[in-house]
Every structure is written in structure tokens, then in C-alpha cells.
Amino acid sequence: MKQKFFLLVGALMLTMAAHAQWRLGVTVGAASNHYRMDRQYMTDYYLKDRWGLTMGITGQYDINEWLGVRADLNWTQKNHRIGRDRVSMRYDYTNNYFQLPVMASFSFGGKKVRGFCNAGVYGGYWLSSNYDGYDYNNFSSANYKVKGHVDFNSDRDQRWDFGLVGGLGVEYRFAPHWGAKVEARYYYSTISVQKQYMRVDDYRYNSTLAFQAGVSYFF
């Protein structure tokens, strides 16, 4: 009985190894970020989604024709706008993140055209932040332009990021060792970008929808 079990496991491993394949590629696209926060007493403030860029390199190990493990290294902008209608104030923030998604990849379809879905987790780090816009001067009753770099405060800013990630896409094998793909991917952050350093809790989160295209080389 034990011999049959080990023979079965060995045959299964050989079958998986026969279908296993590595691939390496690059991706580029656009990302729309949704910034959410509890405005509490700031009732005249508003938040707007903003678009940014995303690009990176991707690696995948295909265990068989329908299951693989994928990991990316990407730079993604998670931008947002904070404004105030009552005094004509607007700040456009450009936030640059370095991210590492690790996902299970499920594929289906024919030999050349295949659909796929990815699901997993990601970790990230907030690299930098800049702002541009205008503010209001109460003394002169006039607007003035603002532009600058955000200086991170270790007591206030949470630069490490973590969350869930998933995506859907289509891949086309246009050559024996080459493939092109398009994908819609969603990042859901579970960590507030602002630490709770004040008496009033102030949680703020990013949710990012990315549309990207890329090419891969199959070894």
C-alpha cells in the first residue's frame, strides 16, 4: 500500500514537472486610486479619485497548464485629491509606491488565447509624495498656488502597506516563446496610511484599480 502511494505521488510530481514552465515579463499601464477617510467634522471637504502610472517586471512559475504562481515587482502611483468647496481649496497628491504582489494564477482556454485570474496578497512601501494645487488666504481673501514635497513624519505617516490583490485578464501566445496580455487588477489596502497619533481616530485607506498590458518570454 505504501509503495503504491509513493508511486502515485512520484507520478504526479513527474507530470507536474513535465508541464512546469517559467516566464518573465514586463508590464505598463494606468491606475485609478480611491482614497477613503472618515471626514468626521470636516463636512465641507471632498475627496476625488486620480489617475497615475504603474509599471514593473513580472515572473511566473506555471505548475501545469491551468495553475501557476506569480510574483511582481512594480512601481504604482496611488494619487488622490483633497479639496474644500467653501474656501476654494484643492490639493492634488501624487503618491509613489513600490509593491510586491504574490498571487496564485488560474488560466483557462485554448493554446493561443487564454483567460486568467489572479488572487493573492501584496506588500508595499510608500516611496514619496508630492502635492500641487491652491489654497485660500483668510487675510487677503484670495487663493494662492501651492506646490511641494511631503516630508514624512514617523509619528503620523504609515509608509508600509499590505493588502489583498486580484485580477482578470487575457493572454495571447503570438510566438512559441512569447506572449502578450492585458489585465485589470485591484489592490485593496488593509493598513491605514495615517497612524492614530491623535485622540480622534483618523483612518485613511487606498483602493487602486490598475489596467495594464505586458509581454512575457516563456523559457
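In case you missed it, the structure is sitting above this.
Since we're looking at a predicted model, the values are computed, not measured.

J.: What is the right way to look at the overall build of the chain in this model?
T.: The helix and strand inventory of the chain stands at one helix and 10 strands. The order of α-helices and β-strands along the chain, N terminus first, is α-β-β-β-β-β-β-β-β-β-β. Scaling as 2.2 N^0.38, a compact globule of 219 residues should have a C-alpha radius of gyration of about 17 Å, whereas the chain reaches 23 Å, well beyond that. Projected onto the principal axes, the alpha-carbon positions of the chain cover approximately 85 × 40 × 25 Å.

J.: What should I look at first to understand the pattern of salt bridges in this one?
T.: This structure, assessed with the given rule, holds 13 salt bridges. For Glu183, the salt bridge is made with Arg70, and the minimal N-O distance between the two is 3.5 Å. In this pair, Glu183 sits in strand 9 (residues 178-189) while Arg70 sits in strand 3 (residues 67-77), placing the two residues 113 residues apart along the sequence. Side by side, Glu183 and Arg70 carry an identical accessibility label, which is buried. The partner of Arg81 in a salt bridge is Asp92, with the nearest N and O atoms 2.6 Å apart. Taken together, the residues span a long stretch of sequence, with Arg81 in strand 4 (residues 80-84) and Asp92 in strand 5 (residues 89-109) at a distance of 11 residues. Its relative accessible area of 23% is what places Arg81 among the partly exposed residues. A relative accessible area of 10% places Asp92 in the buried class.

J.: How do you make sense of the packing of aromatic side chains when you look at a structure like this?
T.: Centre distance and the angle of the planes are the two values used to describe a pair of aromatic rings. This model, assessed by the stated rule, comprises 12 aromatic pairs. Aromatic pair Tyr93 and Tyr131: ring centres 6.3 Å apart, planes at 55°, arrangement tilted. Here Tyr93, found in strand 5, pairs with Tyr131, found in strand 6 (residues 113-137); they are 38 residues apart in sequence, far enough to count as distant. On the numbers, 4.8 Å between centres and 70° between planes, the contact of Trp126 with Phe152 is edge-to-face. Of this pair, Trp126 sits in strand 6 while Phe152 sits in the loop between strand 7 (142-149) and strand 8 (160-175), and the two are 26 residues apart along the sequence. Assessed through its relative accessible area of 8%, Trp126 is described here as buried. According to the relative accessible area criterion, Phe152 is partly exposed, its value standing at 24%. One aromatic cluster is present, formed by Tyr91, Tyr93 and Tyr131 through successive ring pairs. Above the face of the Tyr97 ring, Lys78 is positioned so that its terminal group lies 4.8 Å from the ring centre. Directly above the ring of Phe116 sits Lys181, whose terminal nitrogen or CZ lies 5.3 Å from the centroid.

J.: Would you take a moment to explain the pairing of strand 6 for this structure?
T.: The side chains of a regular strand alternate between both faces of the sheet. Pairing analysis gives 20 bridges linking strand 5 to strand 6, with the strands arranged antiparallel. Considered in strand 6, the bridge of Arg90 is made with Tyr134. Remark: three residues form the turn of the hairpin made by strand 5 and strand 6, two consecutive strands paired antiparallel. Relative to strand 8, strand 6 is paired through 13 bridges, and the arrangement is antiparallel. In the sheet register, Gly115 faces strand 8, and the bridge partner there is Val170. In this structure, strand 6 lies alongside strand 7, joined through eight bridges in antiparallel fashion.

Conventions used here
Residues numbered from 1 in each chain as written. Predicted model: local features only at pLDDT ≥ 70, side-chain atom pairs only at ≥ 80, totals over all residues. Heavy atoms only, no water. Helix = DSSP H or I, 4+ residues; strand = E, 2+ residues; numbered from the N terminus. Rg over C-alpha atoms; globule rule 2.2 N^0.38 Å. Salt bridge = Lys/Arg side-chain N within 4 Å of Asp/Glu carboxyl O. Buried < 20%, exposed > 50% of the residue type's maximum accessible area, 1.4 Å probe, protein only. Phe/Tyr/Trp six-rings, centres within 6.5 Å; stacked < 30°, edge-to-face > 60°. Lys NZ or Arg CZ within 6 Å of the ring centre and 35° of its normal. Pairing = 2+ DSSP bridges.

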